[in-house]
Amino acid sequence: MSDQELKKKTEKSKREKLRKGKPLVYEKIIKLAEMQRRGEPTSRIDIGYNYACNLKCKHCMANTFQKKNRSMTLADLRSIAEQADALGWCQFNVSGGEPLVLKNFDEVLKALMPEKFHIGISTNGYFLTEEKARHLKSMGLDKVMISLDSYDEALHNANRASDGAYSKAIAAIWNAKNAGLDTIIQTVITHQNAKTEETVKLAKFAQENGFSLDLVIAKALGEWEGRHDILIDADDAKFLRELHNKYPAARRDVFPSYGMRGGCGVLKGCFHISQFGDVFPCVFMHITIGNVFEDSLKTIVDRGMKIKRFRDPSAICLAGEDKTFIDKYMSRFYGKPLPVDYREIFTEEDDFVQE
């Protein structure tokens, strides 16, 4: 069986598993490709419910956001879930911070209506014991994305400022798999590490052990703000595509899958809601297009879709690859209190779709 045949078989198996386990989610997911063809958002919502964390990672961006008087509550999560369900959307990811430090995380999952949504979390793995993984699976969690900065233990620990971070992450990866959760290893790819043996080793490890490897390309944000030298170039992108062809477990979010067209998923494919209710068109674009405490999800997304660069398809990642977009728009929030209102970023009439 070829790698591509194996990929299709794996995708089909996951869909069938979903059909049996979460039929309400399955009924929505099979409609996404047609929604995309009609130009409608099919958004997966990433929620930074709380930015609390047990680690102090060098590259963390969560602490760069301005604190506000009002933060997300369980009632707010339920409202978001009900609105998303009405729009035909079917996926949530809970990020942070570190979600598993939250004492009420079970209640967070319940509020997101797991019977109607495919739900994942982004975690450093520190608290994901096998017992915890099995419990979360029983609560309706579907997927776990565990950060692994490098196959090299010392480098990962240094990035996470914790001597035990690597061993915890590796243990969590196996704990999640053994609990029956879809297990994704997330690693950040820079121009400097894209074509290295470390990246190849991670892809090989994921392929051989039944994991997925999410190749998250670096953005010039956080401690890397303005560092355009860390952005991947066309040769790096080509290498990552070839890596995927050799090890299909290693993939980027711009690659097509499950019958969905590939390309940048800004707003139409995924957006972020902060702890303070601000909606970012992308996890990595610290531009607010509205706040869920003030407007409905539909109102906010419709507003964002009037921005041409969000409405029009892009084959490459706007925030991490499109140098024109980065230089013209992303750079406008460098050095400013975050997030920045979209009207400070898109300042020209031609930036918007004309009625």
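The model shown is predicted, which means the values in this text are computed figures rather than measured ones. (Residues numbered from 1 in each chain as written. Predicted model: local features only at pLDDT ≥ 70, side-chain atom pairs only at ≥ 80, totals over all residues. Heavy atoms only, no water.)

Where do I start with the pairing of strand β3 (residues 118–123) in this structure?
Residues in a regular strand project their side chains so that they alternate between the two faces of the sheet. Counting buried positions along β3 gives six out of six residues, so the element sits mostly inside the fold. Along β3, one buried face is formed by H118, G120 and S122 and the opposite face, lined by I119, I121 and T123, is buried too. Pairing analysis gives four bridges linking strand β2 (residues 91–94) to β3, with the strands arranged parallel. Across the sheet, the residue bridging to Q91 is H118, located in β3. Traced from β2 through helix α5 (residues 105–111) to β3, the parallel crossover comes out right-handed. Of the pairings in the sheet, the one linking β3 to strand β4 (residues 143–147) comprises four bridges and is parallel in character. When the sheet's bridge partners are listed, T123 is paired in β4 with I146. Taken together, β3, helix α6 (residues 130–139) and β4 constitute a β-α-β crossover, and its handedness is right-handed. (Buried < 20%, exposed > 50% of the residue type's maximum accessible area, 1.4 Å probe, protein only. Helix = DSSP H or I, 4+ residues; strand = E, 2+ residues; numbered from the N terminus. Pairing = 2+ DSSP bridges. Right-handed = clockwise from strand over helix to strand, strands pointing away.)

Quick question: what am I supposed to make of the pattern of salt bridges here?
Two side chains bearing opposite charge may form a pair once their charged atoms approach each other closely. Taken as a whole, this structure holds 26 salt bridges when the rule is applied. Where D85 meets K116, a salt bridge forms, and the shortest distance between an N and an O atom there is 3.6 Å. In this pair, D85 sits in helix α4 (residues 74–86) while K116 sits in the loop between α5 and β3, placing the two residues 31 residues apart along the sequence. We classify K116 as partly exposed; its relative accessible area is 27%. D236 is the partner of K195 in a salt bridge, and the nearest nitrogen-oxygen pair spans 3.9 Å. Here K195 is found in the loop between β5 (182–189) and α9 (197–209), whereas its partner D236 is found in helix α10 (residues 234–246), with 41 residues between them in sequence. Residue K195 is classed as partly exposed on the basis of its relative accessible area, which comes to 46%. (Salt bridge = Lys/Arg side-chain N within 4 Å of Asp/Glu carboxyl O.)

I tried to follow the environment of E82 on my own but got confused; where do I start?
Note that E82 resides in helix α4. Residue class for E82 comes out partly exposed when judged on its relative accessible area of 46%. The sequence separation of E82 and M113 amounts to 31 residues, and the corresponding C-alpha distance is 8.4 Å.

Would you explain the side chain of E321 in this entry?
Note that E321 resides in the loop between α12 (308–311) and α13 (323–328). A distance of 2.6 Å separates polar atoms of two side chains, one belonging to E321 and the other to R252. The contacts of E321, once residues within four sequence positions are left out, are I217, I232, A237, R252, I316 and I326. (Polar contact = N/O pair within 3.5 Å; in protein donor to acceptor, adjacent residues only side chain to side chain. Contact = heavy atoms within 4.5 Å.)

Please clarify how the environment of K219 should be interpreted in this entry.
Within the element layout of this structure, K219 appears in the loop between β6 (212–217) and α10. Spatially, the C-alpha atoms of K219 and L231 are 6.4 Å apart, while their sequence positions differ by 12 residues. Of the polar contacts made by the side chain of K219, one reaches the backbone oxygen of I217; its length is 2.6 Å.

What should I look at first to understand the pairing of β6 in this one?
Of all six residues in β6, six are buried, a share of seventy percent or more. Burial along β6 is two-sided: the face carrying S212, D214 and V216 and the face carrying L213, L215 and I217 are both buried. Pairing geometry for β5 and β6, over six bridges, is parallel. Within the sheet, the bridge partner assigned to I189 lies in β6 and is I217. Handedness of the β-α-β unit built from β5, α9 and β6 comes out right-handed. The sheet contact formed by β6 and strand β7 (residues 250–251) spans two bridges and is parallel. The residue bridging D214 from the neighbouring strand is R251, located in β7.

None of this, on its own, says anything about what the molecule does.
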